[in-house]
Amino acid sequence: MTKLRLAIVGAGPAGIYAADLLLKAERKFDVSIDLFEQLPAPYGLVRYGVAPDHPRIKGIINALRDVLDRGDIRLFGNVRFGEDITLDDLKKHYNAVIFATGAIRDTSLDIPGIDAVASYGAADYVSWFDGHPDVPREWPLDAASVAVLGNGNVALDVSRMLAKHAEDLLVTEVPENVYEGMKSSAVTDVHVFGRRGPAQVKFTPLELRELGELRDVDMVVYDEDFDYDDAAKDAVASNKQVMVIDRILQSWRKLDSVNNAGGTASRRLHLHFWARPVEVRTDDSGRVAALVYERTQPDGQGGAIGTGEMRELPIQALYRAIGYFGSPLPGVPFDKKHGVIPNREGQVLAKDSNEKVPGIYATGWIKRGPVGLIGHTKSDAMETVRHIINDQGSWWHPEDPSEEAIPALLEERDVKWTDLDGWHRLDEHEIALGAPHERARVKVVPRDEMVRVSRGE
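Quick notes on the rules
- Residues numbered from 1 in each chain as written.
- Predicted model: local features only at pLDDT ≥ 70, side-chain atom pairs only at ≥ 80, totals over all residues.
- Heavy atoms only, no water.
- UniProt positions renumbered as here; feature names shortened; annotations may be inferred.
- 1 Å grid on protein atoms, 1.4 Å probe; cavity = no way out; pocket = protein on both sides within 12 Å on 5 of 7 lines; lining within 4 Å.
- Points joined across faces, edges and corners; volume = space filled by probe spheres on them.
- Buried < 20%, exposed > 50% of the residue type's maximum accessible area, 1.4 Å probe, protein only.
- Helix = DSSP H or I, 4+ residues; strand = E, 2+ residues; numbered from the N terminus.
- Pairing = 2+ DSSP bridges.

Going by the annotation in an unreviewed UniProt entry, the name recorded for the chain is ferredoxin--NADP(+) reductase, with Microbacterium galbinum given as the source organism. UniProt's Catalytic activity (unreviewed entry) comment on the chain is quoted here verbatim: "2 reduced [2Fe-2S]-[ferredoxin] + NADP(+) + H(+) = 2 oxidized [2Fe-2S]-[ferredoxin] + NADPH". Quoted verbatim from the Sequence similarities (unreviewed entry) field of the UniProt record, the comment on the chain reads "Belongs to the ferredoxin--NADP reductase type 1 family."

A. Local environment of empty space enclosed by the protein. Under the definition given, this model contains two cavities of 30 Å³ or more. Of the volumes computed, that of the largest cavity is approximately 40 Å³. Together, Tyr120, Pro140, Leu141, Asp142, Ala143, Val146, Val187, Arg287, Ala317 and Tyr319 line the largest cavity. Put simply, the second largest cavity is a space of about 30 Å³. As for the second largest cavity, its lining consists of Tyr125, Leu141, Met161, Leu162, Lys164, Met182, Ser185 and Arg267.

B. Molecular detail of the pairing of strand 12 (residues 288-298). Judged by how many residues are buried, strand 12 sits mostly within the fold: eight of eleven residues are covered. Note: strand 11 (residues 275-282) against strand 12, seven bridges, orientation antiparallel. Paired with Pro277 across the bridge in strand 12 is Tyr293. Examined bridge by bridge, strand 12 and strand 13 (residues 304-314) share eight bridges and lie antiparallel to one another. Note on strand 13: the bridge partner recorded for Glu294 is Met310.

So this is what it looks like as C-alpha cells:
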C-alpha cells in the first residue's frame, strides 16, 4: 500500500487539526505525520496568544492534547524551519509539507510618529504577558495614560491586561516575571480607539462583558458616540451579537461612574468610537506624548468617513492592535502585501506564474490571513487535506522516507529537539510549580530551561 510521509510545520491548532483530519479521512494509502515546531512546546497561539485570564479558551488545549496523545503523530519541538531543517531536507524525506505557521507580527500603521519610543505592537505585549521564550523578560509599564488602537478581540485582551491589577492574575498561569512587572504598573487610564461606531466593532460580546467585570476598574463610554444612524439601528435590530454588544455598552452609559461622573475605581478603561488615528505626537526625548485623531461619522453603509474635526489626547504609551501579519519562510512563495503564502484552497501557488507548486500546502492564518476563530481553522484544514489526498500524482518522491532519518539528521546537526514525552515532562513541571500556590500552573519562560526540562537533562 502507498504511504504518505507528511511534514507539518507549525504545531498550533491549524497544524494539529490538519494532522488529525488527514488521519481520520477516507483514503487509499497509509499516513505517517511529523509535526515541526520552532518552540519547545506545542499549541502555538493557544499557549502564546491567549491572555492568561482566559481559561475557557485554554480549554481548546485539551482537545489538541487528545489528538497528540493518541500517539500517531510525532512532534519535533525546538526545531526552526529554514535553520535546523530546510525545504530541501523535507523534499528528501517526505512526500509533501503543510505550512501552518500562523501570523505573529503586527500589521503596520502608516501615520507620523508611530515609531516613537513607547509605541508598541500588541503582538509583542501579548507575547510578553504569555511568557513567550523569545521576547525580553521585562516590559515597561511606566505610562499612566495609554492608548490602544483597534476594535477587535486582541485590542480588548491588551486593554484588559493593561487595566487589570496584578494580584487578580495570581489564579492564572501568569509567569512570575509578568506578575512582578504588572505589580509595578503605573497605568491609571486605558483609552481604546475604533474608527467606526459601537455597532461595527469586531470583538465578541464575551470579551466585551469581561472588561466590565474587572475589579477596581471603571468603564467609561461617551454619549456622543451613540447617535446611531439607520444602518447602525438595523444592525442592532437584526444581528443578535450586535444587539448584545449594544446592550452591554448601553448599561455602562447608565452607570453613575460613566462620562467622568466621578467613578471611584483607581483605574479607568475608556472606549472611544468614531476616532481615526492621524498622528502620534512626541516629546523632546522622542517618546509618545499625545495621540491626534480625527472624529469620524457614519457613511450610511456601515463604514466611516472623516469629519475634519481633529482632537488630541495626552498619552505616554500606545499599543497598535489592528491585526496580525504573516512572516515569510525560506524557499516558500510569499505574498508581501497580504502577509500570506499565495494559495488556492491550500495548494501553494508560485508567486509569478500562479501555477500550483507540487508538494507544498498551507493552512490556518498563513493561508487565509489572521481572521476567524478555531472553527474556521478546522474547515480550513479540511479543505487543504482534501487536496493533499487528491494530489497523490504530484507528491514528491523522497530519497529516504524512513522514520529514523529525521532524528538522525537533527542529531547530526546538534539540534536539541523536544518530543511529545518531553512536552509531558514540561507540562507536569509547570503544573508542579503552580501547585504550592494553588495555581493551575506557572509557565516556564526561558527557552533553555524549557528544553532542559523537556529533555530530562
